[in-house]
Amino acid sequence: MNGQKTVTPSADALANAAKTAGKSGLPPVHLWNPAYCGDLDIRIARDGTWFYLGTPIGRFELVKLFSSILKIEDGKYFLVTPAEKVGIQVDDAPFVAVDFHISGKDEAQTLEFETHVGDRVVARAETPIRVTLDDTGEPSPYIMIRAGLEALIDRKSFYRLVDLGVHQDGWFGVWSDGVFFPIIASNALET
């Protein structure tokens, strides 16, 4: 052979590397660009459940660890360590925003979201809220968590957001950190 060692992706190897790299906060995945090692049978369902080989991963600590080494490149999701990069499947968004906290009021309010794996982020220009509508008009609300990775805002939190909504320049939406985030055109609510 050519003397190069073939790397076979494994969930255990990724977990061990992530533990080492993330001892003081989130690992610096944006600095890592290892060779692609293939795909691993890991899938994140729309509800935030992580599956390995078709079985839900029941250990929260492992899910949290894997979520810390998640990266998106050209619309594809990878788990990355300094030595490995493996592809995984994400059904919608890799995170789910399960709650948010409000500070202040009206245009001066701040909305801080929390994901199912404990990430916290304030809705602001760098981490915006966006809402898409499917063919039936059903909304899917998202908030940017980090480095292109979004969280689907769960239904109860979205209803709370709508309760905070105001009309601004032809849009119905919410304020956070001095930024207005449109949810739907005001005229769409009149029909």
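Our structure is the block above this text.
What counts, and at which threshold
- Residues numbered from 1 in each chain as written.
- Predicted model: local features only at pLDDT ≥ 70, side-chain atom pairs only at ≥ 80, totals over all residues.
- Heavy atoms only, no water.
- Helix = DSSP H or I, 4+ residues; strand = E, 2+ residues; numbered from the N terminus.
- Buried < 20%, exposed > 50% of the residue type's maximum accessible area, 1.4 Å probe, protein only.
- Contact = heavy atoms within 4.5 Å.
- Areas by Shrake-Rupley, 256 points an atom, 1.4 Å probe, with all protein chains shown as cover.
- Pairing = 2+ DSSP bridges.
- Axes fitted to C-alpha atoms, helices over the stretch in contact; angles between N-to-C directions.

Asks: I tried to follow the overall build of the chain on my own but got confused; where do I start?
Replies: Counting secondary structure elements, the chain contains four helices and 15 strands. Per-residue burial for the chain yields a buried fraction of 43% across its 191 residues. Taking the contacts inside the chain whose residues are at least 6 apart along the sequence as the reference set, 52% of them involve residues at least 24 apart. Entry remark: accessible area of the chain is about 10600 Å², with carbon and sulfur atoms responsible for 52%.

Asks: When you look at the sheet that holds strand β7 (residues 95–103) in this model, what are you seeing that I'm missing?
Replies: The strands making up a sheet are joined through hydrogen bonds of the backbone, oriented either antiparallel or parallel. Read from one edge of the open sheet, six strands run β9-β8-β7-β12-β11-β10, paired in mixed fashion. The open sheet has two free edges, formed respectively by β9 (120–122) and β10 (129–133), since each of these has just one partner strand. With strand direction ignored, the average angle separating the axes of adjacent strands in the sheet is 40°. Across the sheet, helix α3 (residues 155–164) touches β7, β8 (110–115), β10, β11 (139–146) and β12 (149–153), and the angle it forms with β7 is around 35°.

Asks: Explain the sheet that holds strand β15 (residues 179–185) to me, please; I cannot follow it from the model alone.
Replies: On the basis of which strands lie adjacent, the open sheet formed by three strands has the order β13-β14-β15 and antiparallel pairing. Each end of this open sheet is capped by a strand with a single partner; those strands are β13 (166–168) and β15. Taken over all neighbouring pairs, the strand axes of this sheet differ in orientation by 50° on average, direction set aside. Where strand β14 (residues 171–176) and β15 come together, six bridges link them in antiparallel fashion. By the bridge assignment for β15, Trp175 is matched with Phe180. Against the sheet, α3 engages β13, β14 and β15, with an angle of about 100° to β14.

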